[in-house]
Amino acid sequence: VTFKQQKLGQMPGFCFLNMFKGALSMKQLVFHYIWMYLVSLLSTMIFLSLDLPLLWILGPLLAGFILKTVHERDYQLHQSIRHVSFAITGVQIGMTFTAATIGKVVPYFIPFLLFTFFIMIISIASGILLARIAKISKKTGVLGSIPGGLSVMVAMSDSMEANTGLVAIFHTIRLMAVLFIVPI
């Protein structure tokens, strides 16, 4: 079963549930959303009980993968829900900046800028190479290779219409490698 998503401007009012034409009734659609979030919450609780890192990101990521694989349904979030999620992520990142942080960074602004530029060039080149080798789009390869927070890079890949799942997997592998290699 596939869903055809309506454009936000065509929707009467601001209703999250009136977003797909055709295939499912309103009751079925609500059930699919509840099911998706319950499986995500259960997966997150399993990650929590096993004391695994990044449980709030990796738990739902795994749950979404399992749901799409087992049920072969097109579980998609409504664009408005995505925008709210990205806004929450933006606020969370913005709240980490303080005047003290900015004060510590200012003396090192030029070296930080140069290293950032250097890392971006290397990441873009490696992303293009990855895209050629893996036969994926350049956007997906570059966004999967550029360092950044998992949630931010997934948000960017969504807004740039890259393969969000692959970008999430690339960054998850990078984060897991950092979590397990750096402490050694």
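Residues numbered from 1 in each chain as written. Predicted model: local features only at pLDDT ≥ 70, side-chain atom pairs only at ≥ 80, totals over all residues. Heavy atoms only, no water.

Q: Hey, could you go over the packing of aromatic side chains for me, with residue numbers and the actual values?
A: Each aromatic ring pair is summarised here by two numbers: the centre-to-centre distance and the angle between the ring planes. One pass over the structure, following the stated rule, counts 2 aromatic pairs. Taking the centre distance of 6.5 Å and the plane angle of 10° together, the rings of Phe31 and Trp35 count as stacked. Taken together, the residues Phe31 and Trp35, both in helix H1 (residues 26-49) and 4 residues apart, mark about one turn of the helix. Given the relative accessible area of 33%, Trp35 is considered partly exposed. Measuring from centroid to centroid gives 6.2 Å for Tyr108 and Phe112, while their planes differ by 45°, and the two rings are tilted. On the basis of relative accessibility, which here comes to 48%, the residue Tyr108 falls in the partly exposed class. (Phe/Tyr/Trp six-rings, centres within 6.5 Å; stacked < 30°, edge-to-face > 60°. Helix = DSSP H or I, 4+ residues; strand = E, 2+ residues; numbered from the N terminus. Buried < 20%, exposed > 50% of the residue type's maximum accessible area, 1.4 Å probe, protein only.)

Q: Which residues make up a nonpolar patch on the surface, and what values do they have?
A: Residues Leu41, Met45, Leu48 and Trp56 make up a contiguous nonpolar surface patch of about 420 Å² in total accessible area. Broken down by element, the residue count for the nonpolar patch peaks at 3 residues, all from H1. Topologically, Met45 is positioned in helix H1. Classification of Met45 as partly exposed rests on a relative accessible area of 35%. (Patch = residues over 30% accessible without salt bridge, like charges linked within 9 Å, V, L, I, M, F, W, Y side chains within 5 Å. Areas by Shrake-Rupley, 256 points an atom, 1.4 Å probe, with all protein chains shown as cover. Salt bridge = Lys/Arg side-chain N within 4 Å of Asp/Glu carboxyl O.)

Q: An account of the side chain of Ser157 is needed here, citing residue identities and associated values.
A: Relative to the helices and strands, Ser157 is located in helix H7 (residues 150-159). A polar side-chain atom of Ser157 sits 3.4 Å from a polar atom in the side chain of Thr164. The residues touching Ser157, leaving out its near neighbours within four places in the chain, are Leu143, Ala162, Thr164 and Val167. (Polar contact = N/O pair within 3.5 Å; in protein donor to acceptor, adjacent residues only side chain to side chain. Contact = heavy atoms within 4.5 Å.)

Q: Before we move on, could you go through the packing of helix H5 (residues 109-134) against helix H6 (residues 138-145) and cite the residues and values that matter?
A: Look at H5 against H6: their axes get within 7 Å of each other, and the N-to-C directions meet at 135°. Viewed along their axes, H5 and H6 adopt a mutual orientation that is oblique. As for how H5 packs across H6, the hand of that crossing is right-handed. On H6, the residues touching Ser123, Ile124, Ser126, Gly127, Ile128, Leu130 and Ala131 of H5 are Lys138, Gly141, Val142 and Ser145. Per-class residue counts for the contact of H5 with H6 are 5 nonpolar, 5 polar and 1 charged. (Axes fitted to C-alpha atoms, helices over the stretch in contact; angles between N-to-C directions. Parallel < 35°, antiparallel > 145°, perpendicular 65-115°, else oblique. Left-handed = near helix turned anticlockwise from the far one by under 90°. Nonpolar A, V, L, I, M, F, W, Y, C, P; charged D, E, K, R; others polar.)

Q: Quick rundown of the nonpolar core? Include the residues and the values.
A: Leu29, Tyr33, Met36, Val39, Ala63, Leu67 and Ile81 form the largest nonpolar core, which has 7 residues in total. Among the elements of the structure, H1 and helix H2 (55-71) are those that each provide at least two residues to this core. The element best represented in this core is H1, accounting for 4 residues. Ignoring any residue separated from it by four or fewer positions in sequence, one finds Ala63 in contact with Val39, Ser40 and Ser43. With 6 residues, the next largest nonpolar core counts Val142, Leu143, Ile146 and Val167 among its residues. (Core = buried A, V, L, I, M, F, W, Y, C linked by side-chain atoms within 4.5 Å.)

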